[in-house]
Amino acid sequence: MSEWIRIEDNEIAPFGKRAMRFSNRAFTYEISIDETNQNTFTVNFDGQTENWDIETKDFDGISYRLCGITRLVPRLGSDGDWYELILSKVAEIKYWGTGVLHRHDIETD
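First, a word on scope: everything that follows refers to the structure included in this document. (Residues numbered from 1 in each chain as written. Predicted model: local features only at pLDDT ≥ 70, side-chain atom pairs only at ≥ 80, totals over all residues. Heavy atoms only, no water.)

1. Some details on the pairing of strand 10 (residues 100–108)
Then, in step 1: By the bridge criterion, three bridges tie strand 2 (residues 17–23) to strand 10 in an arrangement that is antiparallel. Within the sheet, the bridge partner assigned to Ser 23 lies in strand 10 and is Ile 106.
Then, in step 2: For strand 9 (residues 92–97) and strand 10, the ladder comprises six bridges, and the chain directions are antiparallel. Opposite Tyr 95, over in strand 10, you have Arg 103 as the bridge partner.
Then, in step 3: Between the end of strand 9 and the start of strand 10, which pair antiparallel, lie two residues, with Thr 98 showing a positive phi angle near 50°. (Pairing = 2+ DSSP bridges. Helix = DSSP H or I, 4+ residues; strand = E, 2+ residues; numbered from the N terminus.)

See below:
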């Protein structure tokens, strides 16, 4: 496994523009991201739109990893969970709380 290298706040992470749909057994939601905004991305769920802050950006030579703290979205993740959004060929997002992985969702078509 490759090592993640931190991208500093004053550096641009060229992760492109992308809309991703995630699904688990109970629901579907969408994340939209655009490299022209290095500070937030949009989460759409049940007609609700939230902007989540990007606190850290990393690169492993292949994929980008964006991390931060979730905002309150019912059933999607409790307010204050740590997220890791991995932007690879098939994106994935992990939700963490106090060192415990709560959920791991993978991009669907």
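2. Digging into the sheet that holds strand 5 (residues 48–53)
Then, in step 1: In spatial order, the strands read 1-6-7-8-9-10-2-3-4-5; together these ten strands make up an open sheet with antiparallel pairing. Two strands bound the open sheet, and with one partner strand each, they are strand 1 (5–7) and strand 5. Averaged over neighbouring strand pairs, the angle between their axes works out to 25° when direction is ignored.
Then, in step 2: In this structure, strand 6 (residues 56–59) lies alongside strand 7 (residues 64–69), joined through four bridges in antiparallel fashion. Paired with Lys 57 across the two strands is Leu 66, which belongs to strand 7. (Axes fitted to C-alpha atoms, helices over the stretch in contact; angles between N-to-C directions.)

3. Things to note about the nonpolar core
Then, in step 1: In this structure, Tyr 29, Ile 31, Phe 41, Leu 85 and Ile 93 are the most contacted members of the largest nonpolar core, which totals 22 residues.
Then, in step 2: When residues of this core are traced back to their parent elements, those giving at least two are strand 2, strand 3 (28–34), strand 4 (40–45), strand 7, strand 8 (82–87) and strand 9.
Then, in step 3: Here Ile 31 is in contact with Arg 18, Ala 19, Met 20, Phe 22, Phe 41, Thr 42, Val 43, Leu 85 and Ile 93, once residues within four sequence places are set aside. (Core = buried A, V, L, I, M, F, W, Y, C linked by side-chain atoms within 4.5 Å. Buried < 20%, exposed > 50% of the residue type's maximum accessible area, 1.4 Å probe, protein only. Contact = heavy atoms within 4.5 Å.)

4. A closer look at the packing of aromatic side chains
Then, in step 1: Evaluation of the coordinates by the stated rule reveals ten aromatic pairs.
Then, in step 2: Both rings, one in Phe 15 and one in Tyr 64, keep their centres 6.3 Å apart while their planes meet at 70°; by these two values the pair is edge-to-face. Of this pair, Phe 15 sits in the loop between strand 1 and strand 2 while Tyr 64 sits in strand 7, and the two are 49 residues apart along the sequence. For the pair formed by Phe 15 and Tyr 64, the shared burial category is buried.
Then, in step 3: These aromatic residues form a ring-pair network of at least three members: Phe 22, Phe 27, Tyr 29 and Phe 45. (Phe/Tyr/Trp six-rings, centres within 6.5 Å; stacked < 30°, edge-to-face > 60°.)

5. Thoughts on the pattern of salt bridges
Note that side chains of opposite charge can pair when their charged atoms are close.
Then, in step 1: On inspection of all chains with the given rule, the structure shows five salt bridges.
Then, in step 2: Notably, a salt bridge pairs Arg 6 with Asp 58, separated by 2.9 Å at the nearest N-O pair. Taken together, the residues Arg 6 in strand 1 and Asp 58 in strand 6 connect sequence positions 52 residues apart.
Then, in step 3: Since its relative accessible area comes to 46%, Arg 6 is described here as partly exposed.
Then, in step 4: Put simply, Arg 21 and Glu 30 hold a salt bridge, and the shortest N to O gap is 3.3 Å.
Then, in step 5: Exposure remark for Arg 21: the relative accessible area of 39% places this residue in the partly exposed category. (Salt bridge = Lys/Arg side-chain N within 4 Å of Asp/Glu carboxyl O.)

Just distances and angles here, no functional claims.
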